[in-house]
Amino acid sequence: METGQGQINQVRQFNRTVTERVGVLHDHYLGLDRPIGEARLLWEIGEQGEDVRRLRERLGLDSGYVSRLLRSLESDDLVTVEPQPRDRRVRTVRLTDAGRAERAVLDGRSDELAGSLLEPLNTAQRARLVAAMAEVDRLLTAGTVTLNVVDPDHPDAQHCLRSHCTELQERFETGFDPAHSLLPDAGELKPPYGLFLLARLHGEPVGCAGLKLPPGAPAEIKRMWVAPDARRLGLGRRFLAELEAQAARYGRAVLRLDTNKALSAAIGLYRSCGFHEVAAFNDEPYAHHWFEKRIGGASSR
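K.L.:
Explain the side chain of lysine 293 to me, and be specific about the residues and the numbers.
P.N.:
Relative to the elements of secondary structure, lysine 293 occurs in strand β10 (residues 289-294). Separated by 2.8 Å, the side chains of lysine 293 and glutamate 244 make a polar contact. Contact partners of lysine 293, with chain neighbours within four places excluded, come to Glu244, Ala253, Val254, Leu255, Cys273, Gly274 and Phe275.

Here's what the structure looks like:
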């Protein structure tokens, strides 16, 4: 779907309004003797310190720029940056006492700024603004999630698969034992027999979905899971769209999946995305519903 010029213009207007109102056009953000980049980094480090690599990923900044920001904060004795003993390539940044004091000032002035945005508005307008901000935050966050094909043996993929099994164990009436399920092994989710999608938010794994591509048979979705904190970002729908595109790319015209009756939200999602219920096509002991969708593949498989 193409983005219209009217939409582009509205986004640009929104950006101009926000940057003006929150004061990021000034070199002395919130009246402190530093620009917003340094102030934001100071806040993100937090009380317990943080891995420099994670800071870069969370803020979407290149390593050179982050290094310059950290050197400036170090020169003001606000942070310390030290290599980890087990791997000196990994650096950890921590606030000094002076850094914690400035962060407290930053928090207080940030609260004051937020209050100044709400104060001129009446009660109804405040509620509308806060709700709109929450919606914008959610949508912008959704846009930062990345989807990549990875090896299902990758540590991030294994984290998601373990989390998926743990949730099924908690939600299914009978519990869940992977040994009794028809879950595919890792080899069935690697090309040419399948593939495995991993979703990351700020570099952290937040979801996964597998696609089986058995020879001469319809494609099948397996092991789709989204972390609770990443739900309501449209990730489930995004997974389905990407898996459908991948299945069509491999020449499949039919896409299948099975699911448990306890997963009512997932069942609603499948139906809204064009899947219709069919007779059981496997002997999965934990399945109560089987779904199928005709897609744009080249064959009848």
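K.L.:
With reference to specific residues and values, describe a nonpolar patch on the surface.
P.N.:
Residues Phe14, Val18, Val136 and Leu140 make up a contiguous nonpolar surface patch of about 320 Å² in total accessible area. Looking at the nonpolar patch, the elements that each hand over two or more residues are α1 (5-21) and α6 (123-142). Here valine 136 shows up in helix α6.

K.L.:
Provide a residue-level description of the sheet that holds strand β3 (residues 87-95), including the pertinent values.
P.N.:
Sheet strands pair via backbone hydrogen bonds, and the direction of the pair is either parallel or antiparallel. Strands sit in the order β1-β3-β2 across an open sheet of three strands; the sheet is antiparallel. Looking at which strands have only one partner, the edges of the open sheet turn out to be β1 (50-51) and β2 (79-84). Here β2 pairs with β3 via six bridges, running antiparallel. Bridge assignment links proline 83 to a residue of β3, and that residue is arginine 91. This element, helix α4 (residues 63-75), spans β2 and β3 of the sheet and lies at about 125° to β2.

K.L.:
So what's going on with the pattern of salt bridges? Which residues, and what values?
P.N.:
Overall, the coordinates contain 24 salt bridges when judged by the stated rule. As a salt-bridge pair, aspartate 97 and arginine 100 come within 2.4 Å of each other at their nearest N and O atoms. Taken together, the residues aspartate 97 and arginine 100, both in helix α5 (residues 97-118) and three residues apart, mark about one turn of the helix. Of the residues examined, aspartate 97 reaches a relative accessible area of 58% and is grouped as exposed.

K.L.:
Give a description of the sheet that holds strand β9 (residues 276-278) that names residues and reports values.
P.N.:
In space, the seven strands of this open sheet follow the order β4-β5-β6-β7-β8-β10-β9, with mixed pairing throughout. The open sheet terminates on both sides in strands that have one partner only, identified here as β4 (146-149) and β9. Taken pair by pair, the neighbouring strands of this sheet meet at an average axis angle of 30°, ignoring direction. Here two bridges tie strand β7 (residues 219-226) to strand β8 (residues 254-259), and the two strands are oriented parallel to one another. Paired with glutamate 220 across the strands is arginine 256, a residue of β8. Relative to the sheet, helix α9 (residues 264-272) contacts β7, β8, β9 and β10, its axis offset from that of β10 by approximately 25°.

K.L.:
Help me get a handle on the state of the cysteines, residues and values and all.
P.N.:
Per the counting criterion, the structure on display carries zero disulfides. Free of any disulfide, cysteine 208 has its nearest neighbouring cysteine sulfur in cysteine 160, separated by 4.8 Å. A residue is classified by how much of its surface remains accessible, and cysteine 208, at 0% relative accessible area, is buried. Cysteine 273 carries a free sulfur, and the closest cysteine sulfur to it, the one in cysteine 208, is 17 Å from it. Accessibility expressed as a relative area gives 14% for cysteine 273, which makes it buried.

K.L.:
How would you explain the environment of alanine 157 if you had to name every residue and give the values?
P.N.:
Note on placement: alanine 157 falls in helix α7 (residues 155-171). Note on alanine 157: relative accessible area 0%, which makes it buried. Look past the residues within four positions of alanine 157 in its chain and what remains in contact with it is Val150, Asp151, Pro152, Phe196 and Leu198.

K.L.:
Would you mind going over α9 in detail, with residue names and values included?
P.N.:
Among all positions in α9, only Ala266, Ile267, Leu269 and Tyr270 are buried. Within α9, the buried residues cover an arc of 160° as seen down the axis, which keeps them to one side. Along α9, the residues that are exposed and aim more than 90 degrees away from the buried face are Ser264 and Ala265. Downstream of α9 by one or two residues, glycine 274 has phi in the positive range, about 95°.

K.L.:
So what's going on with the layout of surface pockets? Which residues, and what values?
P.N.:
Roughly 1700 Å³ of internal volume is contained in the largest pocket. In this structure, the largest pocket is lined by 37 residues; those nearest its centre are Val18, Val22, Tyr29, Ile36 and Arg40. Broken down by secondary-structure element, the contributors of at least two residues to the lining of the largest pocket are α1, α2 (36-45), α3 (52-59), α4, α5 and α6. With eight residues, α6 is the single largest residue contributor to the lining of the largest pocket.

K.L.:
Give a description of unusual backbone geometry that names residues and reports values.
P.N.:
The peptide bond linking proline 191 to proline 192 adopts the cis configuration, its omega dihedral lying at 5°. Take proline 192: it is sitting in the loop between α7 and β5 (194-201). Located in the positive-phi region is histidine 202, a residue other than glycine, with phi close to 55°. Within the element layout of this structure, histidine 202 appears in the loop between β5 and β6 (204-212). When its relative accessible area of 35% is taken as the criterion, histidine 202 is described as partly exposed. Unusually for a residue other than glycine, arginine 232 sits at a positive phi of about 75°. Mapping arginine 232 onto the fold places it in the loop between β7 and α8 (235-249).

How each quantity is defined
Residues numbered from 1 in each chain as written. Predicted model: local features only at pLDDT ≥ 70, side-chain atom pairs only at ≥ 80, totals over all residues. Heavy atoms only, no water. Helix = DSSP H or I, 4+ residues; strand = E, 2+ residues; numbered from the N terminus. Polar contact = N/O pair within 3.5 Å; in protein donor to acceptor, adjacent residues only side chain to side chain. Contact = heavy atoms within 4.5 Å. Patch = residues over 30% accessible without salt bridge, like charges linked within 9 Å, V, L, I, M, F, W, Y side chains within 5 Å. Areas by Shrake-Rupley, 256 points an atom, 1.4 Å probe, with all protein chains shown as cover. Salt bridge = Lys/Arg side-chain N within 4 Å of Asp/Glu carboxyl O. Pairing = 2+ DSSP bridges. Axes fitted to C-alpha atoms, helices over the stretch in contact; angles between N-to-C directions. Buried < 20%, exposed > 50% of the residue type's maximum accessible area, 1.4 Å probe, protein only. Disulfide = S-S within 2.5 Å. Arc of directions from axis to C-beta. 1 Å grid on protein atoms, 1.4 Å probe; cavity = no way out; pocket = protein on both sides within 12 Å on 5 of 7 lines; lining within 4 Å. Points joined across faces, edges and corners; volume = space filled by probe spheres on them.

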